[in-house]
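Architecture and fold: a report
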Amino acid sequence: MTPATAIKPPVWYWIVAWLALLWMLIGVAAWFMDLTMDEASAAQLSDAQRQLYALRPQWLFIVYAIAIFSGLLGAIALLLRKTWATPLLALSLIAVIVQFGYTFFGLGAIKLLGAATALPFPIVIFVTGVFLLWFSMSAKQRGWIAA
């Protein structure tokens, strides 16, 4: 029997894996900018955005970090063709759901910002997370990633 890692993934697998890494690195940059936001940067936000920023509990920022860094490790695992990509990408997606669920319903982001402003990018983030989780599970089933 051929080891699972001997099954060569198609070129599009590598394209998706590298795009996943790029996506997660952009997320890391966004998280870092959020972490280091100073008063001058906060002044450029709308009143509603500043209100949400001020209301956000510290634990939610930690959930944001979990979403980003577990996703980054999951993308790296895809590039290394490791099955631990799947649980890391699942953890990332769960953290995204908690983060945006609390932001929308606990902090009232939709009411403060309006649905047209509050929803589009989080939907893109959620759909991307679902896709990457599915992609990792599919890659495992096809033998493109293994322990």
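Rules of the game
Residues numbered from 1 in each chain as written. Predicted model: local features only at pLDDT ≥ 70, side-chain atom pairs only at ≥ 80, totals over all residues. Heavy atoms only, no water. Core = buried A, V, L, I, M, F, W, Y, C linked by side-chain atoms within 4.5 Å. Buried < 20%, exposed > 50% of the residue type's maximum accessible area, 1.4 Å probe, protein only. Helix = DSSP H or I, 4+ residues; strand = E, 2+ residues; numbered from the N terminus. Contact = heavy atoms within 4.5 Å. Salt bridge = Lys/Arg side-chain N within 4 Å of Asp/Glu carboxyl O. Axes fitted to C-alpha atoms, helices over the stretch in contact; angles between N-to-C directions. Parallel < 35°, antiparallel > 145°, perpendicular 65-115°, else oblique. Left-handed = near helix turned anticlockwise from the far one by under 90°. Nonpolar A, V, L, I, M, F, W, Y, C, P; charged D, E, K, R; others polar. Expected span 1.5 Å × (residues − 1). Phe/Tyr/Trp six-rings, centres within 6.5 Å; stacked < 30°, edge-to-face > 60°.

**Examining the nonpolar core**
- In terms of nonpolar packing, the biggest core is built from 26 residues, with Tyr-13, Met-24, Trp-31, Leu-78, Leu-89 and Leu-132 touching the most fellow members.
- Mapped by element, the contributors of at least two residues to this core are helix H1 (11-35), helix H4 (58-80), helix H5 (85-106) and helix H8 (120-141).
- With 9 residues, the single largest contributor to this core is H4.
- Not counting chain neighbours up to four residues away, the residues in contact with Tyr-13 comprise Leu-78, Arg-81, Phe-135, Ala-139, Trp-144 and Ile-145.
- Counting 12 residues, the second largest nonpolar core, distinct from the first, contains Val-63, Ala-95, Phe-104 and Leu-107.

**Topic: the pattern of salt bridges**
- Counted under the stated rule, the structure contains 2 salt bridges.
- The residue Asp-47 makes a salt bridge to Arg-50 at a minimum N-O spacing of 2.2 Å. Residue Asp-47 and its partner Arg-50 are both found in helix H3 (residues 47-55); the two are separated by 3 residues, about one turn of the helix.
- Taking relative accessible area as the criterion, Asp-47 reaches 59% and is therefore assigned exposed.

**What to know about the packing of H1 against H8**
- Across the interface, H1 lies against H8 with an axial gap of 12 Å and an inter-helix angle of 140 degrees. It follows that H1 is oblique to H8 by the angle criterion. Note that H1 runs across H8; the crossing there is left-handed. Seen from H1, the contacting residues are Trp-12, Tyr-13, Val-16, Ala-20, Trp-23 and Met-24; seen from H8, they are Phe-121, Val-124, Ile-125, Thr-128, Phe-131, Leu-132, Phe-135 and Ala-139.
- Across the contact of H1 with H8, the residue classes tally to 13 nonpolar, 1 polar and no charged.

**A closer look at H1**
- Taking 1.5 Å of rise per residue, the 25 residues of H1 would be expected to cover 36 Å, and the 36 Å separating its terminal C-alpha atoms lies within 8% of that figure.
- Burial in H1 covers these residues: Tyr-13, Val-16, Ala-17, Ala-20, Leu-21, Met-24, Gly-27, Val-28, Trp-31 and Asp-34.
- Elements that come into contact with the buried residues of H1 comprise H3, H4, H5 and H8.

**Comments concerning H5**
- Between the first and last C-alpha of H5 there are 30 Å, a value that for 22 residues agrees with the 32 Å anticipated at 1.5 Å per step.
- Within H5, burial applies to Ala-85, Thr-86, Leu-88, Leu-89, Ser-92, Leu-93, Ala-95, Val-96, Gln-99, Phe-100, Thr-103 and Phe-104.
- At its buried positions, H5 is contacted by H1, H4, helix H6 (109-113), helix H7 (115-118) and H8.
- Where H5 ends, the next residue or the one after it, Gly-108, has phi of about 70 degrees, a positive value.

**A look at the packing of aromatic side chains**
- Here the structure, examined in full by the defined rule, presents 14 aromatic pairs.
- Centroid distance Trp-59 to Tyr-102: 4.9 Å. Interplanar angle 65 degrees. Geometry classified as edge-to-face. Highlighted residues: Trp-59 in helix H4 and Tyr-102 in helix H5, separated in sequence by 43 residues.
- According to the relative accessible area criterion, Trp-59 is partly exposed, its value standing at 40%.
- A ring pair is formed by Phe-104 and Phe-105, whose centres lie 6.5 Å apart and whose planes are at 85 degrees; its orientation type is edge-to-face.
- By relative accessible area, which is 70% here, Phe-105 ends up exposed.
- Grouping aromatic residues by their ring pairs yields a cluster made of Trp-12, Tyr-13, Trp-14, Phe-131, Trp-134, Phe-135 and Trp-144.

Any link to function would need more than the numbers given here.
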